[in-house]
Amino acid sequence: MSLSFESELRMAIKTGKVKFGSKEAIRAAKLGKAKLIVIAENAPKELKDDIIYYSKLSKIPTYIYKGTSVDLGTLCGKPFMVAAVIIYDEGESRILEFVESGG
């Protein structure tokens, strides 16, 4: 069975512990508390750079979602744009396997 990023993200949101927002992503990256940070492809460059920088320092994997923040918000079931999704606990999803495999 092949993994789909979209279905695994939905499962993580449904069964795990997930938060949204760029400020939360930077905070989580600085503290090293997240298991994965997903960033929308069209997020502002400075914001993406900050999240990626702090994530690398904390050894937290990041995944650039190949879609806009509107697409990411829709995927997450939110009626607003989502620039970043922070996964603290993946729940029953296999999203970490997907990202590690280079999905």
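Only a predicted model underlies this, so the values are computations on that prediction, with no experimental measurement involved. (Residues numbered from 1 in each chain as written. Predicted model: local features only at pLDDT ≥ 70, side-chain atom pairs only at ≥ 80, totals over all residues. Heavy atoms only, no water.)

1. Concerning the environment of Glu 97
For Glu 97, the location among the structural elements is in helix α5 (residues 95-100). Spatially, the C-alpha atom of Glu 97 lies 9.7 Å from that of Glu 8, the residues being 89 residues apart in sequence. (Helix = DSSP H or I, 4+ residues; strand = E, 2+ residues; numbered from the N terminus.)

2. Some remarks on the confidence of the model for the protein chain
Confidence along the protein chain averages 94 in pLDDT terms, with 96% of residues attaining 70 or more. Mean pLDDT across the elements of the protein chain bottoms out in α5 (89) and peaks in strand β4 (residues 84-89) (98). (pLDDT = per-residue confidence, 0-100.)

3. Considerations on the packing of helix α2 (residues 22-31) against helix α3 (residues 45-58)
Their axes nearest at 8 Å, the elements α2 and α3 cross at an angle of 25°. In this view, α2 runs roughly parallel relative to α3, as classed from their interaxial angle. Viewed along their axes, α2 and α3 form a crossing whose handedness is left-handed. Along its contact with α2, which presents Ser 22, Ala 25, Ile 26, Ala 29 and Lys 30, the element α3 presents Leu 47, Asp 50, Ile 51, Tyr 54, Ser 55 and Ser 58. (Axes fitted to C-alpha atoms, helices over the stretch in contact; angles between N-to-C directions. Parallel < 35°, antiparallel > 145°, perpendicular 65-115°, else oblique. Left-handed = near helix turned anticlockwise from the far one by under 90°. Contact = heavy atoms within 4.5 Å.)

4. Overview of unusual backbone geometry
The residue Lys 59 is not glycine, and still its phi comes out positive at about 60°. Inspection of the secondary structure assignment puts Lys 59 in the loop between α3 and β3 (62-65).

5. Focus: the sheet that holds β4
The sheet built from four strands is open, its strands ordered β1-β4-β2-β3 with mixed pairing. Each edge of the sheet is formed by a strand with only one pairing partner; in this case those strands are β1 (17-20) and β3. Each strand axis lies, on average, 20° off the axis of its neighbour in the sheet, ignoring direction. Across four bridges, strand β2 (residues 36-40) lies against β4 in antiparallel orientation. Looking across to β4, one finds that Ile 39 is bridged to Ala 84. Each of β1, β2 and β4 is contacted by α2, which is oriented at about 45° to β4, the strand it contacts most. Along the sheet, α3 makes contact with β2, β3 and β4, crossing β2 at roughly 165°. (Pairing = 2+ DSSP bridges.)

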